[in-house]
Amino acid sequence: MSTPINEALLRHFRDLRDGVHGQAVSREDKERVFAAAVELLDPVARRVLAELDADLLLGTGEVVASGVTRSKEGGLNAMWSLTWPEQRAAQEQPIAVVAHYGAGFHHPHLRGNTVGDWPMNVFDAADAEAQADTLRVIAAGDAHNLVFQESYRLMPALTRSAPTARH
């Protein structure tokens, strides 16, 4: 039985072998597929970052999405960032999920601010949902690396009392 992560790799390798991204062949068509994929990923990325905010940041974070933007080099990017007071005070990068389609790339990838590339094969809502675990790993990797670069003090779950439930 193939896992979603292994299936993403196989799709990625098939695209490289066949010179396509899904059914798209031209750069223009691949950019349209990328823009549609960003829309499909938006609720998944927001949910994944909201989970991290609830668990690690005790709800003190804010998720911000950039939408699709063009890079200086001519590629396309989209970013979902999770910022919070301690991170901003330390002037560290936010936790992020980044979709990018570099100008010289064959097809798009996912990454974090501090975590490297993963294939981005999103063509429908089911594909976007199947990326949830990958996005969780990217966001968790960014959180780990930020603590490594700065301090555990960036994480409110370790420095603040958890809010008590009201009955």
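This text follows the structure it describes.
Below, the structure is looked at part by part. (Residues numbered from 1 in each chain as written. Predicted model: local features only at pLDDT ≥ 70, side-chain atom pairs only at ≥ 80, totals over all residues. Heavy atoms only, no water.)

1. Describing helix α5 (residues 132-149)
- Taking 1.5 Å of rise per residue, 18 residues should cover 26 Å, and α5 covers 26 Å from first to last C-alpha, within 8% of that figure.
- Among the residues of α5, Ala132, Thr134, Leu135, Ile138, Ala139, Gly141, Asp142, Ala143 and Leu146 are the ones counted as buried.
- Those residues of α5 that are buried are in contact with α1 (4-18), α2 (27-56), β4 (95-101), β5 (109-111), β6 (118-119) and α4 (125-130). (Helix = DSSP H or I, 4+ residues; strand = E, 2+ residues; numbered from the N terminus. Expected span 1.5 Å × (residues − 1). Buried < 20%, exposed > 50% of the residue type's maximum accessible area, 1.4 Å probe, protein only. Contact = heavy atoms within 4.5 Å.)

2. Thoughts on the side chain of Asp53
- Tracing the backbone shows Asp53 in helix α2.
- Although buried, Asp53 forms no salt bridge, and the nearest oppositely charged side chain, Arg160, lies 8.6 Å from it.
- If near-sequence neighbours (up to four positions away) are discounted, Asp53 is found in contact with Leu58, Gly59, Thr60, Gly61 and Leu82. (Lys, Arg positive; Asp, Glu negative; His and termini not counted. Salt bridge = Lys/Arg side-chain N within 4 Å of Asp/Glu carboxyl O.)

3. Brief notes about the packing of aromatic side chains
- Considering all chains together, one arrives at 1 aromatic pair under this definition.
- When the centroid spacing of 6.3 Å and the interplanar angle of 35° are considered together, the rings of Phe34 and Tyr101 count as tilted. In this pair, Phe34 sits in helix α2 while Tyr101 sits in strand β4, placing the two residues 67 residues apart along the sequence.
- Owing to a relative accessible area of 0%, Phe34 belongs among the buried residues under this scheme.
- Residue Tyr101 is classed as buried on the basis of its relative accessible area, which comes to 1%.
- Here the basic side chain of Arg27 rests over the ring of Tyr101, its NZ or CZ set 3.6 Å away from the ring centre. (Phe/Tyr/Trp six-rings, centres within 6.5 Å; stacked < 30°, edge-to-face > 60°. Lys NZ or Arg CZ within 6 Å of the ring centre and 35° of its normal.)

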